[in-house]
Structure formats: C-alpha cells, structure tokens
Amino acid sequence: MAITTETSKGMGNAVLRKEDAEFLTGQGRYVDDIKLPGMLHMAIVRSPHAHATIDSIDGSRARSIAGVVAVLAADDLEFAAGVPCASNPTGQVRQPERPQLAKGKVRHAGEPVAVVVAADRYAARDAADAVEVTYTPLPAAIGVEAAMAADAPLIHDDYPDNTCVVIKNVTDGVDEAFEKADVVVKQTIHNQRLVPCAIEPRGVVANWIDASDELTVYTSTQIPHFVRTFLAICCNVSEAKVRVIAPDVGGGFGSKLNCYAEEFIAAAVSHKLGAPIKWIEERTEAMTATIHGRAQDAHMELAATKDGKVLGMRAHYVQDCGSYLQLLTPTIAHLTLFMAPGAYDIQAVDITVTEVFTNTVPTDAYRGAGRPEATHAIERMMDILAMELGMSRTEVRRRNFITSFPYATATGLSYDSGDYPKTLDKLLELSDDKETFERRRGEARARGKLLGRGLSTYVEICGLAPSAVTHAIGLTPGGWETSTVRVHPTGKVTVITGTSPHGQGHATSWSQIVESELGIPFDDVEVISGDTAFAPYGLGTYGSRSLAVGGTAVYRAAGQVREKARLVAAHMLEASPDDLEYADGTFTVKGSPDKSKPIGEVAFRAWQGFDLPEGLDPGLDETVFHDPPNFTFPFGAHGCEVEIDAETGQIEIKDYIAVDDCGRVVNPMIVDGQVHGGVAQSIGQAVYEGAIYSDEGTLLNGSLVNYLVPSAGEIPHIETHRTETPSPSNPMGVKGIGEAGTIAATAAVVGAVCDALGVRDMDMPMQPERVWRAMREGGAA
Amino acid sequence: MKAVSISVNGVEHSTDVEPRTLLVHFLRERLNLTGTHVGCDTSNCGACTVWLDGNAVKSCTILAVQADGHEVTTIEGIADGGDMHPMQRAFHEQHGLQCGYCTPGMVMTAIKLLEANPQPTEAEIRAGLEGNLCRCTGYQNIVAAVTAAAEGVPA
C-alpha cells in the first residue's frame, strides 16, 4: 500500500514523509515484533533497594516453574568489561566499575541482579518474581545534598566524598565585575529529575551463532554502531562478527543514546544457552532501568549595572549523576557549562560543575542534554534581574544580546551565526501589546483567573561535533558522520546513512537532499539506516546532529556522485566537463540542447564500465565521512501566556508562540513537528513531570499512573514561526531543530507563571499544589 | 488452557489460550498482528488500542478469553483493500506521526472519536485523545489529522 506523494521536491519543501505508510498500517517493525526460531524470553530480577549488599540469590523455586530454562546471576556470565562510559571531560572523572549484573552490592533500586530465561514471556516474568534474593540494606544517599553531606554513606568505596568530577571554567575579571556592579542577583534554580518515557520501552533480541561466533543484536537504540563496538569489547567477540540492527525505534529522546546492561546480558545469555534471547522492557521496569534526565541544581549569581548590562556571572551547577556513569553521564553538565551564558555577551564568568554520585538511577542525555538546564538557569536569571531593576524582561535581554558573529564565548565556543533581536522582534509582533494584555489581565482577574506572560530567548548547540572538540572535551568517539550515495544501473538511488532515526524523518529529508543535489527524484531514492551491516560506521542520532552532520555527509556524497557522473557524461557527449549543464537529472552541453544524457544513462554506462574517461573507476557510488568544522547554534524566542485558577492553582497554557531559527530548512513540516514535540516535552517538565524518590530510594511515581506524561488535553496549540540565518558551519547552512523546543520552553512557562503570581521564581513541576502554595506564600525565595 | 473463538479483522480464530493471556499478546504473539503495540503495563498509554465489537478498548486490559465470541479489529484491518482508511491518510497528510509507535492506537481511538462526535471542536478532540499518549508530536498534528478527517466526513 504505497502512499502517493504529491509532486515531490527538494530541499525547502514540506514534502510528506515516505516513512509513514508502514507505521499507519501496522507494518512497522520494532524490536518486540521480531521473532526468531527457538527464541527464548528473558526477564530481569532487579533490586528493590537503593543501597544494599546482596547476601544470597536462590533460583531454585524459579527453576521449578514450567518453561524456565535458566536462572543466571553475575557469576554465571562473563564480560571482558563493564557497562561503558565514554566521557571524561577533565581526564579526572571517577569512573566506577559498573558490572552488567550486580556483584555483591546494589547501588540503586532497579539495578539488575539476576536474569531468568524461559520459553515464553509469562513464564519468564513468573520466574523472575520467584527468584529469592536476600539483601542487607545500607543507608542510602538520595539527592545531591544527602550525598554531599559530611556523614553521607559511601556509594563507591574508592570515592570518599561521592564526587564524580569537578569541572571549572574561570575567566579573568569576575571579582572586579562583582565589585563594580550596581546590582547582584542570586538564585538557586532547580531542574528536577525527569524520566524520558519514549512510548516504546527498550528491547533487545540477541542471537549468537556459536559455530561461526557471529552475533546479531536487534536493539531499540539511537546508536547501533556504538552498541556494536561495545558489544565487541564487553563480550569479547570480533567487532567484524557483530551486527547490530536498530529496526524501527519508537522514540528515544536520548534515553536510547546509550549502551545498556541488558544489551550485553542478552548477548552473553544467547552465547551461553545457544538460543536467540528476547528481552522487552516493561514500562514500570523502564522507570528505573532506563536513564533519567536533568536532576541538576544551578546556584546562579549575576552582576549587572543599573542599566541592565550584565558584567559577570558566577554559576555552580551541581549534577546528580545517579549511582553509576552511563555512556555520556559526565558530559551532560559539561554541556550546561558551555552554554551557561546563553545568548548574552558575558565575558567574565566563574563556572563550576560538581557532579555527584547518589543511590538513584543514573542520569544521562535526555532531549536537550544539559542545554535545557543552562537555558532555564540563565533565562530565569535574566527575568530575576529585570524584576530587580524594574526593567522590562525584553529590554534587559536586548541590552545583553550578542550581536556580532562569529562570537567567542567565555566558555570556549564560537557561536557561528545569529540574529537574536530579530527572533525577539518577531515574537513581540505576534504577541499582544502591553496595553491589550493588561486589559485582558484585568478582565481575567475579575473572573478569578490570573494571567501571566513569559519568554525565553535561547541559543543552543547542535551539530555534534568536530572530532577535535570531542577529543578535547574527553569524549572517546569522534563527532563525524558517514553517508554513501549509490546510483544503481537503473538510475535509482540508495542512500546509506550513519544516522539512526527514530521519528525524525531522515528517509524523507535525505531524499530531498539527494533530489536537490543529484537531480534524481525523491521517489527514486531509498534510505537505509540503523544497520551496522550496511553503513561504514555511524555515530547515530542525538544532539540535533543528524541534519547538520549526517545530512551534510549525504549532501557531499550526492555532490561527489554528480561530479563523477559529469565526467562520464562529458566523455559520452565528447564535450568538456566544464561545458555541461546539469538540471532535472540531465547533463546538457551548453548551447546544444540536443546533446544531452540523462543521469540514468550515465549511471548505466558507469556500471557497464567500458569506455569511461581515462583513469576513472567504474560505478557511481560515493562515501563521505564528514567531520564538521564547528558546531551550529540555533536560537530563537519563545513566548507563552498562562491562565491560573486563583482558587485551585491549576495552570492552563493559553497561548504558546515559538519563533525559531534553525538555519536553512530542508522540510518545514518536519521542523514544525520537531518544535511541537520539543515544546510539549518541556511543558511536561515545567508543569507535570518529576521523578519523586523517597528518602530510602524508592521511586514513588514509578509508572505512567503517577508519572504524568502529558496527554493531548494538557498540551496547548503551539504556534510556530521562523527566521532563517544560515550556518556557515556546513554547505547547506542548516543548524538543527530536534531539541530547540525542549530547550526553550521551561523558562517561558515558568516566567509566565511568575508573572501571573508576581513571584521571583518557581520550582518545577508547577503542579497545582505548588502554585496554590506560591499564591499564599510567594513562590521560591 | 481455555478454548476461544475470536474473530479478528473478519477472520475467525479458534484456539486454546492460557486463561491469563492478555488480548494484546494473543494478537501480537499468536496471530502475529504486531501493529498493536504495548507501551505501558498500566493501561495509560493507549498504544494497544483495538476495537472490540466496534468499541475502542485497550487490549492490554482485556484477556483473550474475554474476547471469546466477539469481534476484534486491529490497525491491520481498517484499510479498504489497498486504500488506507481516511483517518490513516489524514495522519499522513497532517504529519500526525513521527516514530510511529503510538500511531496505530491513536488512529483506532481517533476513528471512534469521530464516530461518536463527527464534528468535534479542538477541545473535544484533545479530550477524546487523553487516553493515548504520544511523546513525539506534541499532539498538534494528531489533532490536525482528526480535524481534517472530520472535515472529510459528511456532517
């Protein structure tokens, strides 16, 4: 059932997605849809304790359950290395050994302790519940304050103060700035712990063929190649014999940008038992088995003149890492450090990041990954400064905007391009003027409603990353991306991309790029992704990098194919390559419209291989490894209006306007969709979501019954607008849009609520009780 | 084991099931109808929504034995031959899906929403979709798809 697209076009058009038909008809193929002959089902026994020693594990009752094949614990499976962390920002990060299955001790509720394997998933679940583990609970450190206290329980014996790493960025002139300031504002700003909640939980199917030592792993991941590399290392198998496939992936948001214990365990169990193994995460399990996000406190100070010019900034970000380090845990708050000054010209900064172990689920990249935290903190501070000075929130921002580019930040970045006043101007044009708003505010008050408006003028960092930079900031892998563009003898095209989409529509956007760059129609292009057997390597999809890095690889490979085809066509037409024009898929000799060759004929000749230009190899098949020269820095201005019930504290977001600048746009429909989803997730953080731990370390809202992922009823209509400032960091001028909405929105929503209530700050999530208390007690001090 | 006879997408299936088998697992694992998804274990997300005798239900809250003698329709059964259901087309045309995981359940709910209320307001659409969670789209284009489908339905 093919979807017929309208006349498809290249870059810049709102082309409908070629991915959709399979999803709409139930023919998507997610990990749980995969069945292999002889496949067994695995369930995992997890610790109910946040911190405990494991005294014994007794699988005898579990083994007696019909259908159960094995009960295995740490001693039964061998790994050459533990769950990996590939991030060491200072070179001094304390990286605790993190076994795939707990050895003698557990450090967070949800940590894998044992596995059971059975003929079907019900038996496996029953058996997991029947494994008897005895623990001796230890005092737990829940939250950074508890972990940093003088008498805090030790989470890792070798790390006496529970500190993972301290990162500093201190420039000259900070003390002077604070001395000469007319005003200093201070605030502690919390970014609460979130649970990512991709609607598809994680899952793995591992199949280790003993005779050939070949390992195939299907996994719901954003980074199949990373997973392959680390499977090879941890399971001691040749990387050349490991194939990792990310089939259709039901959302990620960073939570699948990881190498998880279960991926290694499933592979090792498959090896041990000689059968394919399937593990599918249950939602309630996912709440403590998959990484959490945010969990960062920002202790902020701004020094400013009475005119609102910020002279200096002190910031101390305290990051709750959880119990162990996942793939990129230490880098997340490092990204906060980089983006700490936001869109503002602040050259005197004293920034410290302290990362702390606690007895909770490890934190790592969650949509925005350190940048929402940075944006929220600096944007809240600009509002607080405006309040302190009695100045408008827009004016204080204007007085500090960076206005010339490239701009070297005090944190070592070079912002590529931007026009920050322009997005703010556009937001203000689209919003009610002050008089109209104040009139409406008065009317609302008469009916028991408090109106407020907030804004956020963000800049963020995308296009991860120049490999020289990833090396300099302590990331193990580079930041490049690959693409192959292959023209078949019939003129159809296969694009193989190292990116690994999970909703972003790469098949559509990459086909648009090929149509524009190579002149072969959108519908004649197929895009292959997510399978390590095809792509040379791929660093995957995260950090809003896919278009700026992976898309650029497609663009360059398509251009190389076109230029090779030009040589072949010129030879066929007995003309000089410089004399050929290329349009609509046809090479034509300038001034001789009758002398032309369509790309299909050229591809056919390149495949036949005879009579090619001297020294030219056959085939039209080019591969590019693209390493970007710089990041990209999308920016924008988001505004929202809230209406608060003065009696109950219930917040309703009445109006949300997003003005984003993500550089050149390949598909405006997809870009809008990314903004909608990003803003919705950020509204979730602002108003509804937050992981709540008991002092003993139990996640109290550990299911979708009480962890409030917003539904359609909670999310407002989101108005999207754009300005377009091309990035000089890549030939297409693109920047990235996947996380912008998430980065921008919390500050706008919190700012609106503070405006409505007349308070200085509010902690998130702003659930009715918190708002109700703020109406009586005045919000966060 | 318990004998059941369940009509799924117009095909009768008579077989034995373990009494505790959830309808969603029966559909996915016995009949290989994997378009119906599981996104939670508490009946909050709606990814498993199917029709039971014409009503949208969450198939993770129903046992296969409860569907004995009844008619079930899944996402695989709503197209008319090669032509997608108007709601499926509307989701495509309005970009009402990204990762696709919530999509089958969302489409099954949305069709029933319009059957009950052929010309809903935006607020009614949003309220009607509250039992189905999506983490990608912010719901905006899902609402747009339902609106577009409603406009195509005779009032």
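Residues numbered from 1 in each chain as written. Chains lettered and ligands numbered in written order. Predicted model: local features only at pLDDT ≥ 70, side-chain atom pairs only at ≥ 80, totals over all residues.

A.B. asks: Any details on the overall build of chain B? Residues and values, ideally.
C.D. replies: Secondary structure assignment for chain B yields five helices and five strands. Ordered by position from N to C terminus, the α and β elements of chain B give β-β-α-β-β-β-α-α-α-α. For a compact globule of 155 residues, the expected C-alpha radius of gyration is about 15 Å, and chain B comes in at 15 Å, within 12% of that figure. When the backbone C-alpha atoms are referred to their principal axes, chain B occupies close to 45 × 30 × 25 Å. Residue pairs at least 24 apart in sequence account for 60% of intrachain contacts in chain B once pairs closer than 6 positions are excluded. (Helix = DSSP H or I, 4+ residues; strand = E, 2+ residues; numbered from the N terminus. Rg over C-alpha atoms; globule rule 2.2 N^0.38 Å. Contact = placed C-beta atoms within 7 Å.)

A.B. asks: Tell me what's going on with the sheet that holds strand S23 (residues 586–589) of chain A, and back it up with residues and numbers.
C.D. replies: Residue and element names in this part refer to chain A. The strand order across the open sheet formed by three strands is S22-S23-S24, and the pairing between neighbours is antiparallel. Strand pairing shows two members of the sheet lacking a second neighbour, strand S22 (580–583) and strand S24 (592–598), which therefore form its edges. In this sheet, neighbouring strand axes are inclined to one another by 30° on average, regardless of whether the strands run parallel or antiparallel. Against the sheet, helix H16 (residues 546–573) contacts S22, S23 and S24, and its axis sits at roughly 125° relative to S22. (Pairing = 2+ DSSP bridges. Axes fitted to C-alpha atoms, helices over the stretch in contact; angles between N-to-C directions.)

A.B. asks: Give me the lowdown on the domain arrangement of chain A, citing residues and values where you can.
C.D. replies: Residues and elements named next belong to chain A. Assigned domains within chain A: domain 1 (34–138 + 200–250 + 256–289), domain 2 (293–464 + 630–777) and domain 3 (480–626). The straight-line distance from the C-alpha centre of domain 1 to that of domain 3 is 40 Å. Taken together, the elements giving at least two residues each to the side of domain 1 that touches domain 3 come down to helix H6 (224–234) and strand S11 (242–245). Broken down by element, the residue count for the side of domain 1 that touches domain 3 peaks at four residues, all from H6. Residue composition of the side of domain 1 that touches domain 3, grouped by class: nine nonpolar, two polar and three charged. (Domains from an automatic or database assignment. Nonpolar A, V, L, I, M, F, W, Y, C, P; charged D, E, K, R; others polar.)

A.B. asks: How would you explain the environment of A:Ala14 if you had to name every residue and give the values?
C.D. replies: Residues and elements named next belong to chain A. Here Ala-14 lies in the segment before helix H1 (20–24). By the C-beta count within 10 Å, which is 14 here, Ala-14 ends up partly exposed. When the C-alpha positions of Ala-14 and Met-669 are compared, they lie 5.0 Å apart, and in sequence the two are 655 residues distant. (Buried ≥ 20, exposed ≤ 12 C-beta atoms within 10 Å, placed from the backbone.)

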